[in-house]
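Topology and contacts: notes
Take a look at the letters that make up each chain.
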Amino acid sequence: MFDFFFNNGFFAYMLVIVTVLFAYFAQWRVNSVFKKYSGVSSRSQTPANVVARQILDSYGLYNVEVVHVSGKLSDHYDPRNNVVALSDSTFFSPSVGAIGVAAHEVGHAVQYNTNYLPIRLRAIFVPVAQFGSNSWIIFFLIGMFVGWPFFVDIGIVLFALVVLFQLLTLPVEFNASRRAMQVIEDQFLLGADEQVGARKVLSAAALTYVAGLMVSAAQLLRLILMSRRRD
Ligand SMILES: [Zn+2]
(Lines give C-alpha, C1' and ligand atoms only; values in the text may rest on other atoms or scores of the structure.)
Protein backbone atom coordinates (compact mmCIF):
# COMPACT_ATOMS: atom_id res chain seq x y z
CA MET A 1 0.00 0.00 0.00
CA PHE A 2 2.68 2.47 1.10
CA ASP A 3 4.82 1.34 -1.80
CA PHE A 4 2.00 2.19 -4.18
CA PHE A 5 1.69 5.73 -2.82
CA PHE A 6 5.42 6.20 -2.74
CA ASN A 7 6.06 4.95 -6.25
CA ASN A 8 3.26 7.01 -7.68
CA GLY A 9 4.68 10.11 -6.11
CA PHE A 10 1.37 10.46 -4.31
CA PHE A 11 3.10 10.86 -0.98
CA ALA A 12 5.34 13.66 -2.24
CA TYR A 13 2.43 15.29 -4.05
CA MET A 14 0.39 15.37 -0.83
CA LEU A 15 3.41 16.72 1.02
CA VAL A 16 3.66 19.58 -1.50
CA ILE A 17 -0.04 20.39 -1.03
CA VAL A 18 0.17 20.31 2.77
CA THR A 19 3.28 22.53 2.83
CA VAL A 20 1.73 24.99 0.35
CA LEU A 21 -1.34 25.26 2.59
CA PHE A 22 0.96 25.80 5.56
CA ALA A 23 2.77 28.54 3.62
CA TYR A 24 -0.57 30.27 2.95
CA PHE A 25 -1.37 30.03 6.64
CA ALA A 26 2.02 31.52 7.57
CA GLN A 27 1.45 34.40 5.13
CA TRP A 28 -2.02 35.03 6.47
CA ARG A 29 -0.68 34.94 10.01
CA VAL A 30 2.12 37.46 9.44
CA ASN A 31 -0.36 39.81 7.77
CA SER A 32 -2.91 39.57 10.58
CA VAL A 33 -0.31 39.80 13.40
CA PHE A 34 1.34 42.78 11.72
CA LYS A 35 -2.03 44.42 11.16
CA LYS A 36 -2.80 44.05 14.85
CA TYR A 37 0.51 45.43 16.14
CA SER A 38 0.84 48.16 13.53
CA GLY A 39 -2.29 49.52 15.18
CA VAL A 40 -0.65 49.59 18.62
CA SER A 41 1.30 52.80 19.03
CA SER A 42 4.44 52.69 21.16
CA ARG A 43 4.54 54.96 24.21
CA SER A 44 7.71 56.62 22.85
CA GLN A 45 5.75 57.68 19.70
CA THR A 46 9.01 57.54 17.76
CA PRO A 47 8.58 56.72 14.04
CA ALA A 48 10.26 53.46 12.99
CA ASN A 49 12.68 55.20 10.60
CA VAL A 50 13.96 57.36 13.46
CA VAL A 51 14.35 54.26 15.65
CA ALA A 52 16.27 52.54 12.83
CA ARG A 53 18.59 55.56 12.53
CA GLN A 54 19.15 55.60 16.29
CA ILE A 55 20.07 51.90 16.41
CA LEU A 56 22.41 52.20 13.42
CA ASP A 57 24.14 55.22 14.98
CA SER A 58 24.54 53.35 18.27
CA TYR A 59 26.54 50.73 16.34
CA GLY A 60 28.52 53.44 14.59
CA LEU A 61 26.95 52.47 11.26
CA TYR A 62 26.57 56.06 10.01
CA ASN A 63 27.25 54.86 6.46
CA VAL A 64 24.05 52.75 6.37
CA GLU A 65 21.16 54.77 4.98
CA VAL A 66 17.49 54.36 5.98
CA VAL A 67 15.21 54.83 2.95
CA HIS A 68 11.50 54.68 2.21
CA VAL A 69 10.19 52.03 -0.24
CA SER A 70 6.65 51.55 -1.48
CA GLY A 71 4.62 48.41 -0.83
CA LYS A 72 3.34 46.51 2.15
CA LEU A 73 5.79 44.49 4.24
CA SER A 74 8.42 45.02 1.55
CA ASP A 75 10.92 46.05 4.22
CA HIS A 76 14.43 44.75 3.65
CA TYR A 77 18.12 45.38 3.97
CA ASP A 78 20.00 45.61 0.69
CA PRO A 79 23.67 44.62 1.11
CA ARG A 80 24.53 45.83 -2.41
CA ASN A 81 24.13 49.49 -1.48
CA ASN A 82 24.11 49.03 2.31
CA VAL A 83 20.60 50.45 2.72
CA VAL A 84 17.81 49.68 5.20
CA ALA A 85 14.56 50.04 3.23
CA LEU A 86 11.35 50.52 5.21
CA SER A 87 7.94 50.26 3.55
CA ASP A 88 4.85 52.51 3.64
CA SER A 89 3.40 50.66 6.62
CA THR A 90 6.64 50.94 8.58
CA PHE A 91 8.66 54.06 7.73
CA PHE A 92 6.58 56.77 9.45
CA SER A 93 4.79 54.49 11.88
CA PRO A 94 5.53 54.70 15.62
CA SER A 95 3.75 51.38 16.19
CA VAL A 96 5.09 48.42 18.13
CA GLY A 97 4.95 46.30 14.95
CA ALA A 98 6.78 48.85 12.80
CA ILE A 99 9.55 49.32 15.38
CA GLY A 100 10.00 45.54 15.56
CA VAL A 101 10.31 45.28 11.77
CA ALA A 102 12.69 48.26 11.57
CA ALA A 103 14.92 46.79 14.32
CA HIS A 104 14.96 43.46 12.44
CA GLU A 105 16.11 45.09 9.17
CA VAL A 106 18.77 47.02 11.08
CA GLY A 107 19.77 43.62 12.50
CA HIS A 108 20.63 42.54 8.93
CA ALA A 109 22.69 45.71 8.42
CA VAL A 110 24.60 44.96 11.62
CA GLN A 111 25.12 41.34 10.50
CA TYR A 112 26.52 42.45 7.17
CA ASN A 113 28.74 45.19 8.55
CA THR A 114 30.17 42.98 11.31
CA ASN A 115 30.92 40.15 8.87
CA TYR A 116 28.44 37.70 10.36
CA LEU A 117 29.32 34.61 8.29
CA PRO A 118 25.84 33.28 7.28
CA ILE A 119 24.74 36.61 5.72
CA ARG A 120 28.07 36.89 3.86
CA LEU A 121 27.67 33.33 2.52
CA ARG A 122 24.08 34.09 1.62
CA ALA A 123 25.10 37.21 -0.32
CA ILE A 124 27.69 35.20 -2.30
CA PHE A 125 25.06 32.53 -2.94
CA VAL A 126 22.39 34.93 -4.33
CA PRO A 127 23.40 34.76 -8.04
CA VAL A 128 23.75 30.94 -7.86
CA ALA A 129 20.28 30.61 -6.31
CA GLN A 130 18.83 33.03 -8.86
CA PHE A 131 20.30 31.04 -11.72
CA GLY A 132 18.97 27.81 -10.20
CA SER A 133 15.54 29.29 -9.65
CA ASN A 134 15.27 30.56 -13.25
CA SER A 135 16.71 27.58 -15.06
CA TRP A 136 15.97 24.34 -13.15
CA ILE A 137 12.59 23.85 -14.83
CA ILE A 138 14.01 24.19 -18.36
CA PHE A 139 16.53 21.41 -17.77
CA PHE A 140 14.03 19.28 -15.89
CA LEU A 141 11.25 19.52 -18.49
CA ILE A 142 13.53 19.01 -21.49
CA GLY A 143 15.06 16.01 -19.72
CA MET A 144 11.68 14.52 -18.89
CA PHE A 145 10.12 15.01 -22.34
CA VAL A 146 13.09 14.16 -24.51
CA GLY A 147 14.22 11.42 -22.14
CA TRP A 148 17.65 12.74 -21.20
CA PRO A 149 18.28 11.66 -17.59
CA PHE A 150 21.36 13.85 -17.40
CA PHE A 151 19.27 16.97 -18.02
CA VAL A 152 16.74 15.85 -15.40
CA ASP A 153 19.58 15.48 -12.89
CA ILE A 154 20.94 18.93 -13.71
CA GLY A 155 17.45 20.36 -13.16
CA ILE A 156 17.23 18.65 -9.78
CA VAL A 157 20.68 19.85 -8.69
CA LEU A 158 19.79 23.42 -9.71
CA PHE A 159 16.58 23.21 -7.71
CA ALA A 160 18.49 21.77 -4.74
CA LEU A 161 20.69 24.89 -4.81
CA VAL A 162 17.56 27.00 -4.34
CA VAL A 163 16.54 24.85 -1.36
CA LEU A 164 20.05 25.22 0.08
CA PHE A 165 19.78 28.99 -0.26
CA GLN A 166 16.49 28.98 1.62
CA LEU A 167 18.09 26.85 4.32
CA LEU A 168 20.93 29.37 4.62
CA THR A 169 18.35 32.15 4.96
CA LEU A 170 16.94 30.71 8.20
CA PRO A 171 19.91 31.41 10.54
CA VAL A 172 20.22 34.89 9.00
CA GLU A 173 16.54 35.66 9.71
CA PHE A 174 16.43 34.16 13.20
CA ASN A 175 19.63 35.93 14.16
CA ALA A 176 18.37 39.32 12.88
CA SER A 177 15.23 38.98 15.01
CA ARG A 178 17.27 37.96 18.04
CA ARG A 179 19.49 41.02 17.57
CA ALA A 180 16.41 43.22 17.10
CA MET A 181 14.76 42.11 20.35
CA GLN A 182 18.07 42.44 22.22
CA VAL A 183 18.69 46.00 21.06
CA ILE A 184 15.06 46.99 21.72
CA GLU A 185 15.49 45.77 25.28
CA ASP A 186 18.99 47.18 25.84
CA GLN A 187 18.16 50.63 24.50
CA PHE A 188 14.67 50.76 26.07
CA LEU A 189 13.09 51.34 22.65
CA LEU A 190 9.90 49.56 23.76
CA GLY A 191 8.49 48.75 27.17
CA ALA A 192 8.41 45.13 28.35
CA ASP A 193 4.69 44.83 27.52
CA GLU A 194 5.26 46.37 24.07
CA GLN A 195 8.10 43.96 23.34
CA VAL A 196 5.59 41.09 23.37
CA GLY A 197 3.89 42.53 20.26
CA ALA A 198 7.15 43.19 18.42
CA ARG A 199 8.32 39.64 19.18
CA LYS A 200 5.05 38.17 17.87
CA VAL A 201 5.42 40.06 14.57
CA LEU A 202 9.01 38.84 14.13
CA SER A 203 8.10 35.24 14.99
CA ALA A 204 5.24 35.31 12.48
CA ALA A 205 7.62 36.64 9.82
CA ALA A 206 10.15 33.89 10.62
CA LEU A 207 7.45 31.27 10.15
CA THR A 208 6.99 32.35 6.51
CA TYR A 209 10.67 31.55 5.83
CA VAL A 210 10.32 28.14 7.48
CA ALA A 211 7.17 27.45 5.44
CA GLY A 212 8.90 28.54 2.21
CA LEU A 213 11.72 26.10 2.88
CA MET A 214 9.24 23.30 3.60
CA VAL A 215 7.43 23.90 0.28
CA SER A 216 10.70 23.76 -1.64
CA ALA A 217 11.97 20.68 0.22
CA ALA A 218 8.69 18.85 -0.54
CA GLN A 219 8.92 19.94 -4.16
CA LEU A 220 12.52 18.69 -4.34
CA LEU A 221 11.44 15.30 -3.01
CA ARG A 222 8.67 15.20 -5.60
CA LEU A 223 11.09 15.99 -8.43
CA ILE A 224 13.46 13.25 -7.26
CA LEU A 225 10.61 10.70 -7.12
CA MET A 226 9.33 11.80 -10.56
CA SER A 227 12.79 11.32 -12.06
CA ARG A 228 13.14 7.87 -10.42
CA ARG A 229 9.80 6.72 -11.81
CA ARG A 230 11.13 7.00 -15.32
CA ASP A 231 13.93 4.49 -14.80
ZN1 LIG B 1 14.97 39.56 7.59
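A brief report on the enclosed structure follows. (Residues numbered from 1 in each chain as written. Predicted model: local features only at pLDDT ≥ 70, side-chain atom pairs only at ≥ 80, totals over all residues.)

1. Quick notes on the overall build of the protein
Counting secondary structure elements, the protein contains eight helices and three strands. Starting at the N terminus and walking to the C terminus, you meet the elements of the protein as α-α-α-β-β-β-α-α-α-α-α. Overall, the C-alpha framework of the protein stretches about 65 × 35 × 25 Å when taken along its three principal axes. In the protein, which comprises 231 residues, the share counted as buried stands at 35%. For the protein, the share of sequence-separated contacts (at least 6 apart) that also reach a separation of at least 24 residues comes to 72%. (Helix = DSSP H or I, 4+ residues; strand = E, 2+ residues; numbered from the N terminus. Buried ≥ 20, exposed ≤ 12 C-beta atoms within 10 Å, placed from the backbone. Contact = placed C-beta atoms within 7 Å.)

2. With respect to helix 3 (residues 48-58)
Taken as a whole, helix 3 has its buried residues at A48, V51, A52, R53, I55 and L56. The inward-facing, buried residues of helix 3 contact strand 1 (65-68), strand 3 (83-86), helix 4 (88-91), helix 5 (96-113) and helix 7 (149-186). Among the residues trailing helix 3, G60 stands out with phi positive, at a value near 75 degrees.

3. What about the sheet that holds strand 2 (residues 76-78)?
If you trace the three strands from one edge of the open sheet to the other, you get 1-3-2, paired in mixed fashion. Each edge of the open sheet is held by one strand with a lone partner, namely strand 1 and strand 2. Going from strand to strand, the sheet's axes swing by 30 degrees on average, the running direction of each strand aside. Examined bridge by bridge, strand 1 and strand 3 share four bridges and lie parallel to one another. Its bridge partner being in strand 3, V66 is matched across the sheet by V84. Lying over the sheet, helix 3 contacts strand 1 and strand 3, oriented at roughly 160 degrees with respect to strand 3. Set on the sheet, helix 5 makes contact with strand 2 and strand 3; between it and strand 3 the angle comes to about 160 degrees. (Pairing = 2+ DSSP bridges. Axes fitted to C-alpha atoms, helices over the stretch in contact; angles between N-to-C directions.)

4. Focus on the environment of L73
The residue L73 is located in the loop between strand 1 and strand 2 in this model. Among the residues examined, L73 registers 18 C-beta atoms within 10 Å and is labelled partly exposed. The sequence separation of L73 and S89 amounts to 16 residues, and the corresponding C-alpha distance is 7.0 Å. The contacts of L73, once residues within four sequence positions are left out, are F34, S87 and S89.

5. Comments concerning the nonpolar core
In globular proteins that are soluble, nonpolar side chains generally tend to be buried together. Core analysis: the largest hydrophobic core is formed by 44 residues, its most contacted members being A48, A52, V84, I99, A102 and V106. Of all the elements in the fold, those that place two or more residues in this core are helix 2 (10-37), helix 3, strand 3, helix 5, helix 7 and helix 8 (192-230). The dominant element in this core, judged by the number of residues it contributes, is helix 5, at ten residues. When near neighbours in sequence (up to four residues on either side) are disregarded, A102 contacts A48, N49, V51, A52, L86 and T90. (Core = buried A, V, L, I, M, F, W, Y, C linked by C-beta atoms within 7 Å.)

6. Things to note about the packing of helix 5 against helix 7
Where helix 5 contacts helix 7, the axes come no closer than 8 Å and their chain directions differ by 115 degrees. Between helix 5 and helix 7, the interaxial angle falls into the category roughly perpendicular. Crossing of helix 5 over helix 7 shows right-handed handedness. Residues G100, A103, H104, G107, H108, V110 and Q111 of helix 5 touch helix 7, and the partners they reach there are V172, N175, A176, S177, R179, A180, V183 and I184. Looking at the contact of helix 5 with helix 7, its residues break down into seven nonpolar, seven polar and one charged. (Parallel < 35°, antiparallel > 145°, perpendicular 65-115°, else oblique. Left-handed = near helix turned anticlockwise from the far one by under 90°. Nonpolar A, V, L, I, M, F, W, Y, C, P; charged D, E, K, R; others polar.)

7. Observations regarding unusual backbone geometry
Its identity as a non-glycine residue notwithstanding, L73 has a phi of 50 degrees, on the positive side. One non-glycine residue, N115, lies in positive phi territory at about 55 degrees. Along the polypeptide, N115 turns up in the loop between helix 5 and helix 6 (117-146).

8. Observations regarding the packing of helix 6 against helix 7
As a packed pair, helix 6 and helix 7 sit with axes 7 Å apart at the nearest point and diverge in direction by 150 degrees. The angle between helix 6 and helix 7 falls in the class roughly antiparallel. When the axes of helix 6 and helix 7 are compared, the crossing they make is left-handed.

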